[in-house]
Amino acid sequence: MPELPEVEVVRRGLDDWVVGRTVESVQVVDPRSVRRHLEGPADFAASLAHTRIGAAVRRGKFLWMLLDGLPTPSALVAHLGMSGQLLVEEPAAPDEKHLKVRLELSPEANKPNQLRFIDQRIFGGMFLSHLVPTDDQFPGGVGAELPWIPAAAAHIARDVLDPASTPAALYLALRKKNTQLKRGILDQQVISGVGNIYADEALWAAKLHGLRSTATIRRPDVARLHAALVDVMGRALDAGGTSFDALYVNVNGASGYFDRSLNAYGREGKDCHRCAEEGLVSVIRRDPFMGRSSYSCPRCQRKPR
């Protein structure tokens, strides 16, 4: 599953290559990829045609493009699911094997004229959603200027790369939950966009164990965790994301390489970098977690009693 940095890389690509252009026509190659547009594929294509893309916005893993030219304020939501890609291509480029939706864009110098949605596993999709006011009156997400958000994304919390996100808000959201800390930061209604990989990395950086109770978490601990999440996400974003899978690419098809810099995730049995720097020996351990795995250092991330 692509995580927040991968989706932000795509958003920035859309901002550079697609924003400001008009959708001249739409071809739905596979109706399953617009199944969330309840009015059907024909309405999706007809409604989207001749609109202008005003901004590319993201909250957590939700990505949308604001549209000008519709009767009500609306956005084109693109959810990548497990394997979705948005690629800009020249019309002459061969169709990708798993091409699902094609948008013909107005010509612009030195920019390809098609935006293609590709999805091998078909868990993602595209659909139109009307905009609603944000609960806190701040802009809808990263890339937005106005306090509006698609109704389909209004239920999810802000993410740590959002300028409106604060340690205080994360502390209050966690304290309302009676759960384990890792479960809490994976809850998209507590803080969005954190997946399994970056949760382990941030908990390692903050020296916190994922089994800590959110009911007793302290403000300094949450401040440290929030800072760790910002740092981990920021470094992953600078690297282009964590590409364990060739499917995770930006709009130009370039993969990230943050997986080379991981400190905890996937390092079972290897020395903890922090402990090694202190001249101590401790190896990363793996524990089962919600059908997946958690990675932590038994020495510098003390397991709660």
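The structure reproduced in this document is the subject of the present report. Keep in mind the model is a prediction, meaning the values are calculated, not measured.

1. Section: the sheet that holds strand S3 (residues 62–68)
Okay, so step 1: With respect to topology, 5 strands assemble into an open sheet ordered S2-S3-S4-S8-S9, the strand pairing being antiparallel. A single partner strand is all that each edge strand has here, and the edge strands are strand S2 (52–59) and strand S9 (148–150). Sheet twist, expressed as the mean angle between neighbouring strand axes with direction ignored, is 30 degrees.
Okay, so step 2: In the packing of helix H1 (residues 4–17) onto the sheet, the strands contacted are S2 and S3, and the crossing angle to S2 comes to about 165 degrees.
Okay, so step 3: In the packing of helix H2 (residues 41–48) onto the sheet, contacts are made with S3, strand S4 (74–79) and strand S8 (125–133), and the angle to S8 comes to roughly 60 degrees.

2. Description of the pairing of strand S11 (residues 292–296)
In the case of a regular strand, side chains alternate between the two sheet surfaces.
Okay, so step 1: Of all 5 residues in S11, 4 are buried, a share of seventy percent or more.
Okay, so step 2: Pairing of strand S10 (residues 285–289) with S11 involves 5 bridges; the strand directions are antiparallel. The residue bridging Pro288 from the neighbouring strand is Ser293, located in S11.
Okay, so step 3: Hairpin connection, S10 to S11: the antiparallel pair is bridged by 2 residues, and Met290 has positive phi, about 50 degrees.

3. Some points on helix H5 (residues 196–206)
Okay, so step 1: Counting buried residues along H5, 10 of its 11 residues qualify, which places the element largely inside the surrounding structure.
Okay, so step 2: Within H5 the residues assigned to the buried category are Asn196, Ile197, Tyr198, Ala199, Asp200, Glu201, Ala202, Leu203, Trp204 and Ala206.
Okay, so step 3: Close packing links the buried residues of H5 with H1, helix H4 (181–186), helix H6 (219–239), helix H7 (273–277), S10 and S11.
Okay, so step 4: Positioned one or two residues after H5, Lys207 has a phi angle of 60 degrees, which is positive.

4. Digging into the state of the cysteines
Okay, so step 1: Across all of its chains, the model carries 0 disulfides by this definition.
Okay, so step 2: Residue Cys272 stays outside any disulfide, its sulfur separated by 3.7 Å from that of Cys297, the closest cysteine.
Okay, so step 3: On the basis of relative accessibility, which here comes to 0%, the residue Cys272 falls in the buried class.
Okay, so step 4: Cys300 carries a free sulfur, and the closest cysteine sulfur to it, the one in Cys297, is 3.4 Å from it.

5. Thoughts on the packing of helix H3 (residues 167–175) against H6
Okay, so step 1: At their nearest, the axes of H3 and H6 sit 9 Å apart, and the two run at 120 degrees to each other. When the axes of H3 and H6 are compared, the pair comes out oblique. Handedness of the crossing formed by H3 with H6: right-handed. Counted together, Pro167, Leu170, Tyr171, Leu172 and Leu174 of H3 and Arg219, Val222, Ala223, His226 and Leu229 of H6 form the full contact between these two elements.
Okay, so step 2: Grouping the amino acids of the contact of H3 with H6 by side-chain chemistry returns 8 nonpolar, 1 polar and 1 charged.

6. Quick word on the pattern of salt bridges
Where charged atoms from two side chains of opposite charge approach closely, those side chains can pair.
Okay, so step 1: Evaluation of the coordinates by the stated rule reveals 22 salt bridges.
Okay, so step 2: Its salt-bridge partner being Glu8, residue Arg12 comes within 2.9 Å of it at the nearest N-O pair. In this pair, Arg12 and Glu8 are both assigned in helix H1, 4 residues apart and thus about one turn of the helix distant.
Okay, so step 3: You can call Arg12 partly exposed: its relative accessible area is 42%.
Okay, so step 4: Take Glu8: its relative accessible area is 2%, and that puts it in the buried class.
Okay, so step 5: Between Arg212 and Asp221 there is a salt bridge; the shortest N-O distance is 3.0 Å.
Okay, so step 6: Among the charged side chains, a salt-bridge network with shared partners connects Glu8, Arg11, Arg12, Arg58 and Asp159.

Reading the values: rules and limits
- Residues numbered from 1 in each chain as written.
- Predicted model: local features only at pLDDT ≥ 70, side-chain atom pairs only at ≥ 80, totals over all residues.
- Heavy atoms only, no water.
- Pairing = 2+ DSSP bridges.
- Helix = DSSP H or I, 4+ residues; strand = E, 2+ residues; numbered from the N terminus.
- Axes fitted to C-alpha atoms, helices over the stretch in contact; angles between N-to-C directions.
- Contact = heavy atoms within 4.5 Å.
- Buried < 20%, exposed > 50% of the residue type's maximum accessible area, 1.4 Å probe, protein only.
- Disulfide = S-S within 2.5 Å.
- Parallel < 35°, antiparallel > 145°, perpendicular 65-115°, else oblique.
- Left-handed = near helix turned anticlockwise from the far one by under 90°.
- Nonpolar A, V, L, I, M, F, W, Y, C, P; charged D, E, K, R; others polar.
- Salt bridge = Lys/Arg side-chain N within 4 Å of Asp/Glu carboxyl O.

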